[in-house]
Amino acid sequence: MTHVEDELRSQPECWARAAAEAARHGGALPAPGERVAIVGCGTSYFMARSAAALREEAGHGETDAFAASEFPHRRRYDRVVALTRSGTTTEVLDLLGRVRGRTRTTAVTADPDSPVTGAADEVVVLDFADERSVVQTRFATTALTLLRAHTGRHSDAAVADARTALADDLPEHLVTSTQFTFLGRGWTVGLAHEAALKMREASLSWAESYPAMEYRHGPVSVTTHGTATWMLGEPPAGLAEQVTETGALWIAGRLDPLAELVRAQRLAVAVAAARGLDPDRPRHLTRSVILAP
């Protein structure tokens, strides 16, 4: 079993623990009414997008998400939350350094000894969700679960659905698809982007992702036989039928959307295996992007 496969299978337990510890970390996380920016790079950026949408949907206040390198420094926020598994990513550390002293900062990381613990005002350590793999799975979803629980949007059903996602067979013929498209709405748009990233990283697949209502505005034109279109969350009316008419395989999300992401992670590993690839050694990637001065 690869590191990534072993780690993705531990997610139900990681989520349950993060949800149970959310109240203990409440003082380090955004309070209702704060204007918040959540930042990250790669997978952490996509989790930031989902977390920001969840927080606004929960009525906790205006919340934006940015890639750390694209943070708008002219804007003013009450708090910046940085998601960073390694705590060493250059763009995140640079951002925290620039806003220090004028904006309260919180880092959510897996490594208590990483540089980010000295760069942020508050630190939440999820070391039980740390990973050996380059390809992120459990840390990202555990960090999102922490923020989801903090806003009151987590339930035990998500953990149960994650166990179902690990136990059930993947849809028939999905592994042999040649193109993968993931769709989301609201907070699940970030999950769709992350699912596509997992396919690209682990299996070198042609994978795309869009807000579901945007799919009709151009991307559906490349959908055909061999395409798998996977919806995370409730689909817009009529979209499943329109996709099916193209000859593509429509995959309806039937579990909690975060558990659907677990199914997509499993798919990435399965496609990698079918193609003779090692998902623990993704092409051109390292566990953390650290740029030379």
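Residues numbered from 1 in each chain as written. Predicted model: local features only at pLDDT ≥ 70, side-chain atom pairs only at ≥ 80, totals over all residues. Heavy atoms only, no water.

(A) Main features of the pattern of salt bridges. All chains considered together, the criterion is met by 17 salt bridges. Across the salt bridge formed by Arg9 and Glu5, the nearest N and O atoms sit 3.9 Å from each other. Here Arg24 makes a salt bridge to Glu21, at a shortest N to O gap of 3.2 Å. Taken together, the salt bridges that share partners define one network made up of Arg17, Glu21 and Arg24. (Salt bridge = Lys/Arg side-chain N within 4 Å of Asp/Glu carboxyl O.)

(B) The pairing of strand 6 (residues 179-184), seen in detail. Most of strand 6 is tucked away, with six of its six residues classed as buried. Residues Gln179, Thr181 and Leu183 line one face of strand 6 and the alternating positions Phe180, Phe182 and Gly184 line the opposite face, and both faces are buried. Considered for its hand, the β-α-β crossover made up of strand 6, helix 8 (residues 188-203) and strand 7 (residues 206-211) is right-handed. Both strand 6 and strand 8 (residues 227-232) contribute to a ladder of six bridges, which runs parallel. By the bridge assignment, Phe182 is partnered in strand 8 with Trp230. (Buried < 20%, exposed > 50% of the residue type's maximum accessible area, 1.4 Å probe, protein only. Helix = DSSP H or I, 4+ residues; strand = E, 2+ residues; numbered from the N terminus. Right-handed = clockwise from strand over helix to strand, strands pointing away. Pairing = 2+ DSSP bridges.)

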